[in-house]
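Secondary and tertiary structure notes
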Amino acid sequence: MAALAAVVALSLGLAGCQDAAASDATHSPSGMAAATSGQSTPTPTSTPARIPAPTTDAAAERAFAALETEHDARLGVVAIDTGSGVGVAHRADERFAFASAAKVFIAATVLDAAAPDDLDAVVPIGQGDVLSYAPVTGQHVGSGMTVRALLAAMVRSSDNTAANLLVARVGGPAAVQRWLRGIGDDVTRVDRVEPDLNEAVPGDERDTTTPAQFAADLRTVLLGGALDPDDRALLVDLMRGTTTGAGTIRAGVPEGWTVADKTGTGSYGVRNDVGIVTPPGRDPIVLVVMTGHDTADAEPDDALVAAATRTALRG
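The text that follows walks through the structure, step by step, so that each part is easy to find. (Residues numbered from 1 in each chain as written. Predicted model: local features only at pLDDT ≥ 70, side-chain atom pairs only at ≥ 80, totals over all residues. Heavy atoms only, no water.)

1. Points about the layout of surface pockets
Using a probe with the size of a water molecule, rolled over the atoms, empty space left in the structure can be pinpointed. Taken as a whole, the largest pocket holds about 300 Å³ of empty space. If you trace the largest pocket, you find 19 residues lining it, with Arg74, Arg95, Ala200, Pro202 and His293 closest to the centre. Sorting the residues of the lining of the largest pocket by element identifies strand E3 (96-97) and strand E9 (285-292) as the ones contributing at least two each. Grouping the constituent residues of the lining of the largest pocket by class yields 8 nonpolar, 5 polar and 6 charged. (1 Å grid on protein atoms, 1.4 Å probe; cavity = no way out; pocket = protein on both sides within 12 Å on 5 of 7 lines; lining within 4 Å. Points joined across faces, edges and corners; volume = space filled by probe spheres on them. Helix = DSSP H or I, 4+ residues; strand = E, 2+ residues; numbered from the N terminus. Nonpolar A, V, L, I, M, F, W, Y, C, P; charged D, E, K, R; others polar.)

2. A word on unusual backbone geometry
The peptide bond linking Glu194 to Pro195 adopts the cis configuration, its omega dihedral lying at 0°. On the secondary structure map, Pro195 appears in the loop between helix H6 (173-182) and strand E6 (208-209). You will see that Asp72, though not glycine, has its phi angle at about 50°, which is positive. Within the secondary structure, Asp72 is located in the loop between helix H2 (58-71) and strand E1 (74-81). Looking at Asp72, the relative accessible area reads 61%, which means it is exposed. One non-glycine residue, Ala99, lies in positive phi territory at about 50°. (Buried < 20%, exposed > 50% of the residue type's maximum accessible area, 1.4 Å probe, protein only.)

3. Focus on the environment of Ala114
Position of Ala114 among the secondary structure elements: in the loop between helix H3 (103-113) and strand E4 (122-123). Using a relative accessible area of 25% as the deciding quantity, one classes Ala114 as partly exposed.

4. Some thoughts on the packing of H3 against helix H4 (residues 147-156)
Closest axis-to-axis distance for the H3/H4 pair is 10 Å, and the angle between their directions is 165°. Classified by the angle between their axes, H3 and H4 sit roughly antiparallel to one another. In this structure, H3 crosses over H4, and the sense of that crossing is left-handed. Between H3 and H4, the residues in contact are Lys103, Ile106, Ala107, Val110 and Leu111 and Val147, Leu151, Met154 and Val155, respectively. (Axes fitted to C-alpha atoms, helices over the stretch in contact; angles between N-to-C directions. Parallel < 35°, antiparallel > 145°, perpendicular 65-115°, else oblique. Left-handed = near helix turned anticlockwise from the far one by under 90°. Contact = heavy atoms within 4.5 Å.)

5. Digging into the packing of H3 against helix H8 (residues 229-240)
The interhelical angle for the contact between H3 and H8, taken along N-to-C directions, is 150°, at an axis separation of 10 Å. Considering the angle they form, H3 stands roughly antiparallel to H8. Crossing of H3 against H8: the hand is right-handed. Facing Val104, Ala107, Ala108 and Leu111 of H3, the residues of H8 in contact are Asp231, Leu234, Leu235 and Met239. Split by residue class, the contact of H3 with H8 holds 7 nonpolar, no polar and 1 charged.

6. A look at the sheet that holds strand E2 (residues 87-90)
The strand order across the open sheet formed by 5 strands is E2-E1-E9-E8-E7, and the pairing between neighbours is antiparallel. Looking along the sheet, the strands with just one partner apiece sit at the ends: E2 and strand E7 (258-265). Adjacent strand axes in the sheet meet at a mean angle of 10° when their direction is disregarded. The sheet contact formed by strand E8 (residues 271-278) and E9 spans 5 bridges and is antiparallel. By the bridge assignment for E9, Asp273 is matched with Val289. Those strands touched by helix H7 (residues 211-223) are E1, E8 and E9, and its axis lies near 140° from that of E9. Packing of H8 onto the sheet brings it into contact with E7 and E8, and relative to E7 it is tilted by some 75°. (Pairing = 2+ DSSP bridges.)

Set out below in C-alpha cells:
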C-alpha cells in the first residue's frame, strides 16, 4: 500500500542506500542417533501476535494482478513492516504449496527440542538416506554430520536429505505440525517429507499454508519469542547465508538491505521465497512470496518472485 511505500522510501533516504537459484526439489530418512518416532516435541509457550490482514491499495492490487497475467501464474504475497505495522497483501488467505520454504519451521522445531549438547550430536548418513538433491549430505555418507551441520545444509543449501533426517529426529511431519500449532498456527498442514511434499497438485491441501499464516509464523519465530534468543539468532544467521535465492527476494530488494530468507521449489511451477528483509537503520519487513501454475511441468519463475518483491516494497 502507499503507506508502506512511504516507509520504504524514507528508509532509503535516511540510509542513502540504494545465488543462481538451486533446485529445492527432492527425499527419505533412515534411523538416526537420538531419533525416535515416538519422541514428543516440546510445545512452545509463546503465542504469536496475530498480524492483522493488510489491505492493499488499488494500484498495488492491479500490479500484482498484472504480474499474474504476464507470468501466467497464481501469486500470493504478504509484506508487513514491523516498525509501522503497515502492509500489503495479495491472495493472503489462499492456500499455496510451501515446498522447501517450510524448512524454516523444521529448523525451528529442531532447535526448540534440542538439549544443550544436541546440536553437536552426529547423525549417521547411509547411502539409502541420500536423495537426488543432496549437495551437502551426499558428501558425508558413512561419516555422518552433526545436527548443527545438517541445519546449515538444510537452510542454506536446501539439502533435502538433511531435511528428512532432521524431521525424523523430531518425530516426523506430525511433530513439525504440532510445533506450529503450539505457536498458534492452525492453518499450515505438514503431511509428508521430501520429495513427496513437492507434488503441489492444485486443490491438494497437504503440505500447504497461506501467505498470511506464514508471515505470522515468520514474525513469531524470527522476531518473537518462539525460540530462545540463541536459537533464534542461529536460525536468522543461517537464513542470511541462503544460497538458493539469488534470483528471488534478493533480486527484488534495494542494494544495502539485508535478507534472511528460505526458498522453495516444486511441481506446477512452485517457486516461493519467505523471510525478513531489513532496510538500513529500520525495522525488519516480514515478506512472503508464493507462486504456482496450473500445469505440472511449468517452470519455477524466479523473475516473478523478484518482481512481486519489488511491487510489495513499493506498495
